[in-house]
Amino acid sequence: MVSVKVLPMNGGNGKSSFANNSLLQKKMIVEVRPFLEDSIKDAFNLGIPSCVKIADLGCSSGSNAVSAISEIIHTIHGMSKGMNSKSPEFQVFLNDLPGNDFNNIFSSLPDFYEKLKKEGGGTMGHCFITGVPGSFYTRIFPSRSLDFFHSSCSVHWLSQAPTGLEKNKRHIHIAKGSLPTVIEAYTNQFKRDFSLFLRLRSEEIKDGGRMVITVIGRSVEDPCTGESCGIWELLAESLADMLMEGVIEEADLNSFNVPIYYPSQSEIRAVVEEEGSFYLDKVESFEANWDPFDESDKYRAAQNVVNYIRSITESTLIAHFGGGMMENLFGRYADRMVKHLLTEEAKYFFMAISLTMK
């Protein structure tokens, strides 16, 4: 079976771009802000280096790429003022896959630097931002070089779709009533990937360094609930409709599986403990509607949800099925999404996780 690889979010500033459909991530960043600030204060309470080196993993493109970085810089700058010490300089590394639209980020940096300068009142240390293309499932930084890692809405993406899913026919993810082999394939892929992620970061972060990651997960242990797989079942049903009409081939549908896994808190804890490089300081959970605009009009709400899913999956879908059927697919997906939202209150469950290098 073909293994589906992870490709970047839609670039640019168009209707289907991630930059124009990333309000969900923005709301998560805002929701997690107090958690992030507390973690930063814990990380630097004994002192702040003259140059703080920060990496954001899976930055994507659009305004969110520097939103959390701004929060981190302002928090550390405020701490330095409280300590009556000179503000440090900041070296920031924005990481994502090589095909990410880094130009979209770079074009916004002059305004970002100017805003930092004004908000810092002339006392904030210089900030230097660099793009670092590469998968965070590989080494991307020198040994013991980073003070702080941040990642938002990225680590639930797997390095690839699991193998051994030949019996997951007409499904593209875990679904209600999935075979145990399908669930096992996804959970094992997540465990391998998250353990690798932790080990690689442990080689790159300084002793005592801190990492804060936000992942979409699930509130229950059963991975077959609608909370964690419903949004993908609707997309699978839309693809199945196109198969029945001869628009796509059965072999193509049966070989496509979404490279995402929404872990439970216990799974996160188990991998952290087993891998052994980090202390798990704290975990907090939050909820967000599938529709980040919270529209009362379910037709508009459905389109908002579909636009977001399209922005994060379209490049992967095109690589597998070809680009000529995207409008058809997402039109069908929107129709199914409306029916779903009219009958159910659909929410994401997500977790903020703070880790300290041992």
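Note: the structure precedes this text.
Bear in mind that the values here come from a model prediction, so they are computed numbers and not experimental data. (Residues numbered from 1 in each chain as written. Predicted model: local features only at pLDDT ≥ 70, side-chain atom pairs only at ≥ 80, totals over all residues. Heavy atoms only, no water.)

Caption draft 1: Layout of empty space enclosed by the protein. This model, assessed by the stated rule, comprises four cavities of 30 Å³ or more. The volume enclosed by the largest cavity comes to roughly 70 Å³. Lining of the largest cavity is provided by M28, I29, V32, R33, L36, A68, H150, S152, V212 and T214. Among the elements of the structure, helix 1 (23-43), strand 4 (146-152) and strand 5 (205-217) are those that each provide at least two residues to the lining of the largest cavity. Counting residues per element, the lining of the largest cavity draws most heavily on helix 1, which supplies five residues. A class-by-class count of the residues in the lining of the largest cavity yields six nonpolar, three polar and one charged. In terms of lining, the second largest cavity is formed by W157, F256, V258, P259, I312, T313, T316 and L317. (1 Å grid on protein atoms, 1.4 Å probe; cavity = no way out; pocket = protein on both sides within 12 Å on 5 of 7 lines; lining within 4 Å. Points joined across faces, edges and corners; volume = space filled by probe spheres on them. Helix = DSSP H or I, 4+ residues; strand = E, 2+ residues; numbered from the N terminus. Nonpolar A, V, L, I, M, F, W, Y, C, P; charged D, E, K, R; others polar.)

Caption draft 2: Examining helix 2 (residues 64-82) more closely. With 19 residues, helix 2 should reach 27 Å at 1.5 Å per residue; the first-to-last C-alpha distance of 28 Å fits that figure. With 14 of 19 residues buried, helix 2 lies mostly within the body of the structure. Two residues or fewer past helix 2, N84 is found with a positive phi of approximately 55 degrees. (Expected span 1.5 Å × (residues − 1). Buried < 20%, exposed > 50% of the residue type's maximum accessible area, 1.4 Å probe, protein only.)

Caption draft 3: Region of interest: the packing of aromatic side chains. Evaluation of the coordinates by the stated rule reveals 13 aromatic pairs. Between the aromatic rings of F256 and F321, the centroid separation amounts to 5.3 Å while the plane-to-plane angle is 55 degrees, which identifies the pairing as tilted. Of the two residues, F256 is situated in the loop between helix 6 (250-254) and helix 7 (265-275) and F321 in helix 8 (residues 298-321); the sequence distance between them amounts to 65 residues. What links up through ring pairs into an aromatic cluster is the set F136, Y137, F190, F194, F197 and Y261. The ring of F197 has R201 sitting right over it, with the charged end atom 5.1 Å from the ring centre. Sitting over the face of the ring of F35, K282 holds its NZ or CZ atom 4.7 Å from the ring centroid. (Phe/Tyr/Trp six-rings, centres within 6.5 Å; stacked < 30°, edge-to-face > 60°. Lys NZ or Arg CZ within 6 Å of the ring centre and 35° of its normal.)

Caption draft 4: A look at helix 3 (residues 102-119). Compared with the 26 Å implied by 1.5 Å per residue over 18 residues, the 25 Å span of helix 3 between its first and last C-alpha is a close match. At L109, helix 3 shows its strongest bend, of approximately 40 degrees, with the proline P110 following within four residues. Listed in full, the buried residues belonging to helix 3 are F102, N104, I105, L109, F112 and L116. Buried residues in helix 3 make contact with helix 2, strand 2 (89-96) and strand 3 (127-133). Looking one or two residues past helix 3, G121 carries a phi angle of roughly 60 degrees, positive in sign. (Bend = angle between axes of the 7 residues up to and from the residue. Contact = heavy atoms within 4.5 Å.)

Caption draft 5: Examining the sheet that holds strand 1 (residues 51-57) more closely. Taking strand neighbours across the sheet as the criterion, the seven strands line up as 3-2-1-4-5-7-6 in an open arrangement whose pairing is mixed. Both outer strands of the open sheet, strand 3 and strand 6 (278-289), are each paired with one neighbouring strand and no more. The sheet shows a mean angle of 15 degrees between the axes of neighbouring strands, taken without regard to direction. Both strand 6 and strand 7 (residues 347-357) contribute to a ladder of 11 bridges, which runs antiparallel. Within the sheet, the bridge partner assigned to F286 lies in strand 7 and is F350. Here helix 4 (residues 180-204) sits on the sheet in contact with strand 1, strand 4, strand 5, strand 6 and strand 7, set at roughly 150 degrees to strand 5. (Pairing = 2+ DSSP bridges. Axes fitted to C-alpha atoms, helices over the stretch in contact; angles between N-to-C directions.)

Caption draft 6: Quick peek at the layout of surface pockets. Approximately 380 Å³ is the volume attributed to the largest pocket. Mapped by element, the contributors of at least two residues to the lining of the largest pocket are strand 2 and helix 8. With three residues, helix 8 is the largest single contributor of residues to the lining of the largest pocket. Across the lining of the largest pocket, the residue classes break down as 19 nonpolar, 10 polar and one charged. In this model, the second largest pocket occupies a volume close to 290 Å³. As for the second largest pocket, its lining consists of 15 residues, of which S63, V66, S67, F112 and K115 are closest to the centre. Looking at the lining of the second largest pocket, the elements with two or more residues in it are helix 2 and helix 3. Per-element accounting of the lining of the second largest pocket gives the leading share, seven residues, to helix 3.

Caption draft 7: A look at the packing of helix 5 (residues 226-244) against helix 9 (residues 326-343). Viewed as axis vectors pointing N to C, helix 5 and helix 9 meet at an angle of 130 degrees, and their least axial separation amounts to 9 Å. By the angle between their axes, helix 5 is oblique relative to helix 9. Crossing hand, helix 5 versus helix 9: right-handed. Note on element contacts: helix 9 touches helix 5 through N328, L329, R332, Y333, R336, M337 and H340, opposite I231, L234, L235, E237, S238, L239, D241 and M242. Among the residues forming the contact of helix 5 with helix 9, the class breakdown is eight nonpolar, three polar and four charged. (Parallel < 35°, antiparallel > 145°, perpendicular 65-115°, else oblique. Left-handed = near helix turned anticlockwise from the far one by under 90°.)

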